[in-house]
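Below, each chain spelled out in residue letters.
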Amino acid sequence: MTIATKEQLTAFVTETVRTTPVTDIHTHLFAESFGDLLLWGVDELLTYHYLIAETFRFRPDLSYDAFWQLSKQEQADLIWRTLFIDHSPYSEACRGVVTVLNRLGFDLAKRDLEEYRAYFRSVSASDYIDRILKLANVKTVVMTNDPFDAYERGKWESGTSQDPRFLAALRIDPLLNLWDSSWSKLKEQGYEVSADLSGGTLAEIRRFLKDWIARMNPLYMAVSLPNDFAYPEDSARVRIIDECIVPVAREAGIPFAMMIGVKRKVNPSLKDAGDSLGKSDIGAVERIVSKYQDVKFLVTMLSRENQHELAVTARKNRNLLVFGCWWFLNNPSLIEEITRMRLELLGGSVIPQHSDCRILDQLLYKWDHSRAIIGKVLCDKYSDLFDAGWRLEEEEIRRDIEDLLGGVFWKFLGKPDPAA
Ligand code: RAT
Ligand code: ZN
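- The name given to the protein in an unreviewed UniProt entry is Glucuronate isomerase, and the organism recorded there is Paenibacillus tyrfis.

Structure, rendered in structure tokens:
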């Protein structure tokens, strides 16, 4: 049906963005078969590392050691009191908890953590996964799977049962960022490698990657890279990219995802909450994607300053697909600005958002909040088109939104959407 008025347009776009199921292309969630690797529930929500960093800002009296010695529930109590009772929870990470509790139907007026806890004790992981995926309207979740993590490796080796809603991504940070120590971990796994990359080391790294690709069937290989990532460069990282990652990505026909701009452990006392960001050299991205035009690259960058040049670089290289508003960018003001700019430069050839959820329940807020912004930006874009005289069919808008919330990803992979 053709949309006749702007009111109809806004209502249709908003409703379609709200109800279209999502493929969430980067999370830290796990299927139920991974056991306690899957985090969920109110204590996990409250001890999310984003909230730990915010708590310490209000508590100059609290020593890092004292905090880390508390049990999870005690940490959650302290965070709840500091960020939700002693202050109003309007930071994005805090608002997220409020959205989740609200969407689960809890009485927010009571602010009674014990009541929320009682519900989580009463529900099974399997029922809760069903409930959250349904409520969040997420059809597929891409995990982050680390073969350098002995605990997770154990899960894969014992043959995890497959839940088609959870798909793998092979994460290889230690290989590219910590070769000095990770080579010995490969050796322990039976690969004949040496620290100086001599002899058959590069071939053995390729064998390691292919073995894990065979085991996990990942949709892509991924790494987070520091803000001073350079390419080309005389380093173990770049040799491994050129001689292992790229040829294996090409052969397996899967993309290489680069998440660029992290400064790890600027405050080690904060543990996972102690990472920061820095501006990166877009030239490194430009050079690698244009050198390997037959390889697909998914790229997201962490600093706001890199966003415009990243979108322009994607205009020049169709093997580069920009994705998500990552981590410190996952805030309403920045999502809106970045999404607007990307749609203006790239049309719909972009993945506007991923959730980066570490806790299952967060799917509710990360997607609710992002959908609202994506919907708002799209309303503006279609409305500008309307003013320019273009008339849209409902079916065309539905197609565009399905693409933004997953279709673009699957087409880039060259695979059918398994949940379609
Ligand atoms: O967003 C986050 O939770 C970060 O801690 C990181 O996990 C980041 O997203 C990453 O994948 O390295
Ligand atoms: Zn992540």
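Notes on the coordination of the zinc ion (ligand 2)
Then comes step 1: Within the protein, the zinc ion (ligand 2) binds to His26 (NE2), His28 (NE2) and Asp356 (OD); these donor distances fall in the range 2.0 to 2.1 Å.
Then comes step 2: Site description for the zinc ion (ligand 2): donor spacing in sequence, H-x1-H-x327-D. In this pair, His28 sits in the loop between β1 (22-24) and α2 (42-46) while Asp356 sits in the loop between α16 (332-346) and α17 (362-387), placing the two residues 328 residues apart along the sequence. Of the two residues examined, His28 and Asp356, each falls in the buried class.

Let's talk about the pattern of salt bridges
Then comes step 1: The tally for this structure, following the rule as stated, stands at 35 salt bridges.
Then comes step 2: Across the salt bridge formed by Arg18 and Glu15, the nearest N and O atoms sit 3.0 Å from each other. Remark: Glu15 and Arg18 occur in helix α1 (residues 6-19); sequence separation between them is three residues, near one turn of the helix.
Then comes step 3: According to the relative accessible area criterion, Glu15 is partly exposed, its value standing at 38%.
Then comes step 4: Between Asp275 and Arg264 there is a salt bridge, and its shortest N-O distance comes to 2.7 Å. Highlighted residues: Asp275 in the loop between β6 (256-263) and β7 (276-277) and Arg264 in the loop between β6 and β7, separated in sequence by 11 residues.
Then comes step 5: In this structure Asp275 comes out as buried when scored by relative accessible area, which is 10%.
Then comes step 6: It is possible to trace a salt-bridge network through shared partners that takes in Arg171, Asp173, Arg264, Lys265 and Asp275.

Focus: the packing of helix α15 (residues 307-316) against α16
Then comes step 1: In contact at an axis separation of 10 Å, α15 and α16 are set at 25° when each is read in the N-to-C sense. Taken together, the axes of α15 and α16 are roughly parallel relative to one another. Note that α15 runs across α16; the crossing there is right-handed. For the pair α15 and α16, contact is made by Gln307, His308, Ala311, Val312, Ala314 and Arg315 and by Ile338, Met341, Arg342, Leu345 and Leu346, respectively.
Then comes step 2: Among the residues making up the contact of α15 with α16, the classes are represented as seven nonpolar, two polar and two charged.

Section: the sheet that holds β1
Then comes step 1: With respect to topology, three strands assemble into an open sheet ordered β1-β2-β3, the strand pairing being parallel. Of all the strands in the sheet, just β1 and β3 (166-167) have a single pairing partner and so form its edges.
Then comes step 2: Bridge analysis of β1 against strand β2 (residues 138-142) gives three bridges, and the strand direction is parallel. Directly across from Val22, in β2, lies its bridge partner Val138.
Then comes step 3: Against the sheet, α17 engages β1 and β2, with an angle of about 120° to β1.
Then comes step 4: Contacts between helix α18 (residues 394-413) and the sheet are confined to β1, β2 and β3, with β1 contributing the most and set at about 60° to the helix.

What counts, and where the lines are drawn
- Residues numbered from 1 in each chain as written.
- Chains lettered and ligands numbered in written order.
- Predicted model: local features only at pLDDT ≥ 70, side-chain atom pairs only at ≥ 80, totals over all residues.
- Heavy atoms only, no water.
- Donors = N, O, S within 2.8 Å, 3.2 Å for Na, K, Ca; no water.
- Helix = DSSP H or I, 4+ residues; strand = E, 2+ residues; numbered from the N terminus.
- Buried < 20%, exposed > 50% of the residue type's maximum accessible area, 1.4 Å probe, protein only.
- Salt bridge = Lys/Arg side-chain N within 4 Å of Asp/Glu carboxyl O.
- Axes fitted to C-alpha atoms, helices over the stretch in contact; angles between N-to-C directions.
- Parallel < 35°, antiparallel > 145°, perpendicular 65-115°, else oblique.
- Left-handed = near helix turned anticlockwise from the far one by under 90°.
- Contact = heavy atoms within 4.5 Å.
- Nonpolar A, V, L, I, M, F, W, Y, C, P; charged D, E, K, R; others polar.
- Pairing = 2+ DSSP bridges.

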